[in-house]
Amino acid sequence: MKAVTDAILEVAWRSRLTVRLTAGVVLVLLVIGIPFLLAFHRLERQRQVEVLETAAGSLSRIVVDGLRSSMVAERPHLLDEAVRNLASRPDVERVVILDKEGLVRVTSDESLTEDRLDRERDAVCGSCHEADAAPPSAGTAVVKEGDRRVLRAMSAIRNEVRCHRCHDSTVSTNGVLLIDVPLQAVDQRFFADIGRTATLGGIMVLLTIAALGWLLNRMVHRPLRDVVATSRKIARGELEARVPIRSESEFALLARQVNKMTDHLASSIAIVERQRIELAAILDAISDEVVVLNRDRRVVAANAAFIKNTGSCESAVLGKECSDASGENWTCTTDERQGCPVEKVLRSGSVEEAIVPQTDADGTERVIEVHASPIFGPEGEVQQVVEVRRDISTRRQLEASLVHSERLASIGLLASGVSHEINNPLGVISTSVQGLKRLIEQRTDLPRDVRDSLEQWLDRVDRETQRGRSITDRLLRAARPAGSGRSLIDVNQAIEETLTLLGHALRKTDIKTSLDLAESLPPIVSDETQVKQLLLNLVINSIQAMELDGGLLRISTSSEKGSIRIVIEDTGEGIEPRSLKRIYDPFFTTKPPGKGTGLGLYICHRIVEELGGSIHAASRPGDKTTFTVKLELSNSKVSCNDEQASNPSAFG
């Protein structure tokens with residue numbers, strides 16, 4: 001309630017409804033009441049004067065009748081006594097009897113004794129006479145003498161027949177009777193009445209103001225306070241607040257409308273909030289970085305991926321410039337041809353794209369694809385820009401790997417063709433050697449030393465021919481596509497064939513080999529192609545680790561609890577602990593560009609998982625690296641067809 005009262009007090013007092021309405025009512029009362037009261041008192045004063053006029057007229061008739069009686073009875077001294085008695089009354093100020101010549105005959109005012117009054121100059125006569133006009137036979141007039149007001153009643157004394165014996169019968173009037181009645185008491189009563197009326201009017205106005213204030217508070221202020229209080233709660237977010245309805249007046253209608261508006265507002269806000277949460281959840285579920293920028297390049301909104309990559313919190317990101325909010329790992333594009341895609345969108349209003357290379361703090365190089373799209377305002381101007389950043393490093397590496405795989409497939413196909421082509425002349429050479437040997441045996445005339453030399457040379461040619469055929473055979477098997485056929489595999493033999501195939505690389509890099517292969521190692525049932533691919537990748541990885549300074553490659557096998565154990569150890573550079581955790585990630589490599597794709601150990605891990613085994617790496621930086629592979633002896637049945645398919649003939 002105090003908050004609502006403070007809210008009402010915020011309105012200037014001149015503008016408050018109570019003050020304005022009260023002032024208006026008081027003004028209306030004054031405008032209507034004062035003229036009405038003045039007119040009423042004017043009429044009342046006139047009525048009082050009329051009463052006095054009637055009373056004065058009655059007194060005049062009484063005095064005139066007494067005068068006639070006294071004069072007829074020839075007792076004029078009685079008239080003097082009657083005039084003095086009449087003038088002694090508090091409501092009569094003066095009584096004067098004038099003859100027809102204007103001479104004062106009888107008066108209660110000693111200052112006028114035996115005076116003659118000039119009707120044109122004397123104030124006593126001037127009130128009734130007008131120049132060259134006969135005075136009326138009777139009448140009254142209000143005369144102001146100095147600061148006093150009196151009511152003067154005049155009665156003409158007629159010359160009747162019974163008066164002719166003393167007065168001239170040709171004269172119609174023998175004299176005039178003047179009676180002055182003071183108006184001071186009337187004026188005092190008039191002003192007293194005005195004072196009482198003003199007091200009563202003031203009391204009425206105060207009562208009216210009090211009643212009006214009470215009615216305003218009950219009928220206007222309280223409903224308004226309810227509306228203001230509820231509106232303030234709604235402004236603070238308390239959408240459950242409702243205006244109480246206390247009556248069926250217009251304010252009740254206003255309260256219902258406010259409550260309906262609040263219900264609609266709460267429903268709309270709930271829908272918007274739900275949509276906002278759903279939209280935020282959708283954007284946060286996107287692995288790409290999404291950020292919304294205004295025209296000042298400041299962050300308006302961002303998804304979880306963007307905030308996570310900045311290494312900060314949402315409140316610290318919002319409102320910052322794009323370059324500052326993106327974090328230390330982000331470097332804006334400096335390619336003059338591409339330029340900033342956000343700047344281009346603000347200028348062109350169309351979707352823009354850019355490829356931005358990035359280097360993380362740990363030295364990892366990434367390739368970011370940036371898409372910038374405009375958000376238009378109501379007048380068609382670009383108001384905001386949505387920037388989507390996608391890390392396409394894996395895709396680029398995969399594309400490079402696919403190109404490399406296509407190249408390897410082409411080389412494999414070429415190797416297969418070359419092997420077939422070489423095997424044919426090698427077969428002819430081998431057949432020719434055998435024919436020459438038989439021919440030498442048939443010639444008995446050849447000297448013994450010549451025969452021995454020829455046989456030695458033919459044996460050497462035959463051995464090298466068989467060696468060439470074994471090499472082409474291994475090339476054919478290495479180039480053959482991987483299948484799902486399983487067979488019995490001699491792991492020791494597979495290791496020896498792998499080293500033979502990589503013999504040139506070992507000799508070129510001055511790498512020594514040390515084999516500790518368990519005798520009578522049981523064969524395993526597995527996919528020969530995958531096993532050889534596993535061994536080939538691990539040995540190549542060791543060779544690349546020692547190719548600069550050479551070293552020792554140790555390979556050992558053993559049998560333990562239904563599985564065989566293969567250990568491949570090199571004395572290369574070793575692997576850092578932080579990199580050791582990621583060696584099985586696709587496209588992760590510690591080798592310089594051009595030396596590896598980062599897929600070798602990933603493929604090894606996949607092969608071991610498919611074969612139902614395990615692989616473990618241990619390394620110390622600058623010392624050695626050891627890979628331990630365990631393969632189950634048997635995890636499926638082997639058919640004769642599978643075994644035959646795994647041993648093709650030398651000529652394909």
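Residues numbered from 1 in each chain as written. Predicted model: local features only at pLDDT ≥ 70, side-chain atom pairs only at ≥ 80, totals over all residues. Heavy atoms only, no water.

Q: What is the right way to read the nonpolar core from this model?
A: A general feature of soluble globular proteins is that nonpolar side chains tend to end up buried together. Leu538, Leu553 and Ile566 are the most contacted members of the largest nonpolar core, which has 36 residues in total. For this core, the secondary-structure elements that each account for two or more residues are helix H13 (491-501), helix H15 (528-546), strand S14 (551-560), strand S15 (563-570), helix H17 (600-610), strand S16 (614-619) and strand S17 (625-632). With seven residues, the top contributor of residues to this core is H15. Beyond its immediate chain neighbours, meaning those up to four positions away, Leu538 contacts Ile568, Leu601, Cys604, Ile615, Phe627 and Val629. Grouped together as the second largest cluster of nonpolar side chains are 20 residues, Val64, Val83, Ile157 and Leu183 included. (Core = buried A, V, L, I, M, F, W, Y, C linked by side-chain atoms within 4.5 Å. Buried < 20%, exposed > 50% of the residue type's maximum accessible area, 1.4 Å probe, protein only. Helix = DSSP H or I, 4+ residues; strand = E, 2+ residues; numbered from the N terminus. Contact = heavy atoms within 4.5 Å.)

Q: I keep staring at the packing of helix H5 (residues 184-235) against helix H6 (residues 250-285) and nothing clicks. Help me out?
A: Packed helices, taken two at a time, are described by the angle between their axes plus the distance between the axes. Packing of H5 against H6 leaves a shortest axis separation of 10 Å and a crossing angle of 5 degrees. On the basis of their axis angle, the class for H5 and H6 is roughly parallel. Counting all contacts with H5, which are made through Met219, Val220, Pro223, Leu224, Val227 and Ile234, the residues of H6 involved are Phe251, Leu254, Thr262 and Leu265. (Axes fitted to C-alpha atoms, helices over the stretch in contact; angles between N-to-C directions. Parallel < 35°, antiparallel > 145°, perpendicular 65-115°, else oblique.)

Q: Help me out: how do you make sense of a nonpolar patch on the surface in this one?
A: Judged by side-chain polarity, Leu27, Val28, Val31 and Ile32 come together as a nonpolar surface patch covering roughly 390 Å² of accessible area. Mapped onto the elements of the fold, Ile32 is located in helix H2 (residues 17-72). Take Ile32: its relative accessible area is 57%, and that puts it in the exposed class. (Patch = residues over 30% accessible without salt bridge, like charges linked within 9 Å, V, L, I, M, F, W, Y side chains within 5 Å. Areas by Shrake-Rupley, 256 points an atom, 1.4 Å probe, with all protein chains shown as cover. Salt bridge = Lys/Arg side-chain N within 4 Å of Asp/Glu carboxyl O.)

Q: Before we go on, may I ask you to explain the sheet that holds strand S8 (residues 352-359) in this structure?
A: The five strands lie next to each other as S7-S6-S10-S9-S8, forming an open sheet whose pairing is antiparallel. Here the strands that pair on one side only, and so sit at the sheet edges, are strand S7 (299-302) and S8. Strand-to-strand twist in this sheet, taken as the mean axis angle between neighbours without regard to direction, amounts to 25 degrees. One ladder, built from six bridges, connects strand S6 (residues 289-294) with strand S10 (residues 382-391); its direction is antiparallel. From the neighbouring strand, Val291 faces S10, where its bridge partner is Glu387. (Pairing = 2+ DSSP bridges.)

Q: Hey, could you run me through the packing of H15 against H17 in this one?
A: Running from N to C, H15 and H17 cross one another at 145 degrees; their axes reach a closest spacing of 9 Å. Between H15 and H17 the crossing geometry is left-handed. Across the interface between the two elements, Gln530, Gln533, Leu534, Asn537, Leu538 and Asn541 from H15 touch Gly600, Leu601, Ile603, Cys604, Ile607, Val608 and Glu610 from H17. (Left-handed = near helix turned anticlockwise from the far one by under 90°.)

Q: Looking at this structure, I do not really get the pattern of salt bridges. What am I missing?
A: Note that side chains of opposite charge can pair when their charged atoms are close. Per the stated rule, a full pass over the model turns up 18 salt bridges. Between Asp459 and Lys437 there is a salt bridge, and its shortest N-O distance comes to 2.5 Å. Of this pair, Asp459 sits in helix H12 (residues 448-479) while Lys437 sits in helix H11 (residues 393-442), and the two are 22 residues apart along the sequence. Put simply, Lys532 and Glu497 hold a salt bridge, and the shortest N to O gap is 2.8 Å. One end of the pair, Lys532, is in helix H15; the other, Glu497, is in helix H13, and 35 residues separate them in sequence.

Q: In this structure, what is going on with the pairing of S10? I would like to understand it.
A: Consecutive residues of a regular strand have side chains that alternate between opposite faces of the sheet. One ladder, built from nine bridges, connects strand S9 (residues 365-376) with S10; its direction is antiparallel. Opposite Ala372, over in S10, you have Glu387 as the bridge partner.

Q: What's the story with the sheet that holds S17 in this structure? I'm lost.
A: Across a sheet, strands are paired by hydrogen bonds formed along the backbone, either parallel or antiparallel in direction. Across the sheet, which stays open at both edges, the five strands sit in the order S12-S14-S15-S17-S16 with mixed pairing between neighbours. On the outer flanks of this sheet lie strand S12 (511-516) and S16, each paired with one strand and no other. Averaged over all pairs of adjacent strands, the angle between their axes in this sheet comes to 15 degrees, without regard to strand direction. Looking at chain direction, S15 and S17 are connected through eight bridges and run antiparallel. By the bridge assignment for S17, Val567 is matched with Thr628. The strands touched by H13 are S12, S14 and S15; relative to S14, the strand with the most contacts, the crossing angle is about 165 degrees. Those strands touched by H17 are S16 and S17, and its axis lies near 140 degrees from that of S16.

Q: In this structure, what is going on with the pairing of S8? I would like to understand it.
A: On S8, burial follows the alternation: Glu352, Ala354, Val356 and Gln358 on one face are buried, whereas Glu353, Ile355, Pro357 and Thr359 on the facing-out side are not. Relative to S9, S8 runs antiparallel, the two being bridged by eight bridges. Looking at S9, one finds that Ile355 is bridged to Glu369.

Q: What am I meant to see in the side chain of Glu497 here?
A: On the accessibility criterion, Glu497 (15% relative accessible area) is buried. Only 2.8 Å separates the side chain of Glu497 from the side chain of Lys532, close enough to count as a polar contact. (Polar contact = N/O pair within 3.5 Å; in protein donor to acceptor, adjacent residues only side chain to side chain.)

Q: For this particular structure, what's the right way to read the environment of Ala545?
A: By secondary structure assignment, the location of Ala545 is in helix H15. Take Ala545: its relative accessible area is 27%, and that puts it in the partly exposed class. In this structure Ala545 touches Asp570, Gly572 and Glu573, once residues within four positions along its chain are discounted.

Q: Even after reading the chapter, I still don't get the confidence of the model for the chain, so can you show me in this structure?
A: Low-pLDDT stretches of the model should not have their predicted coordinates read in fine detail. Of the residues in the chain, 76% reach a pLDDT of 70 or more, and the chain-wide mean stands at 76. Of all the helices and strands in the chain, helix H18 (residues 640-645) carries the lowest mean pLDDT, 40, while S15 carries the highest, 91. The model gives residues 1-9 a pLDDT under 50, and that stretch makes eight contacts with residues more than four places away or in other chains. This model gives residues 636-652 a pLDDT under 50, and the stretch forms 23 contacts once residues within four places in sequence are excluded. (pLDDT = per-residue confidence, 0-100.)

Q: Got a minute to help me understand the environment of Val629 in this structure?
A: When you line up the elements, Val629 lands in strand S17. The spacing of Val629 and Ala617 is 12 residues in sequence and 9.0 Å in space, taken between C-alpha atoms. In contact with Val629, other than residues within four places in its own chain, are Leu534, Leu538, Ile564, Arg565, Ile566, Val608, Ser614 and Ile615.

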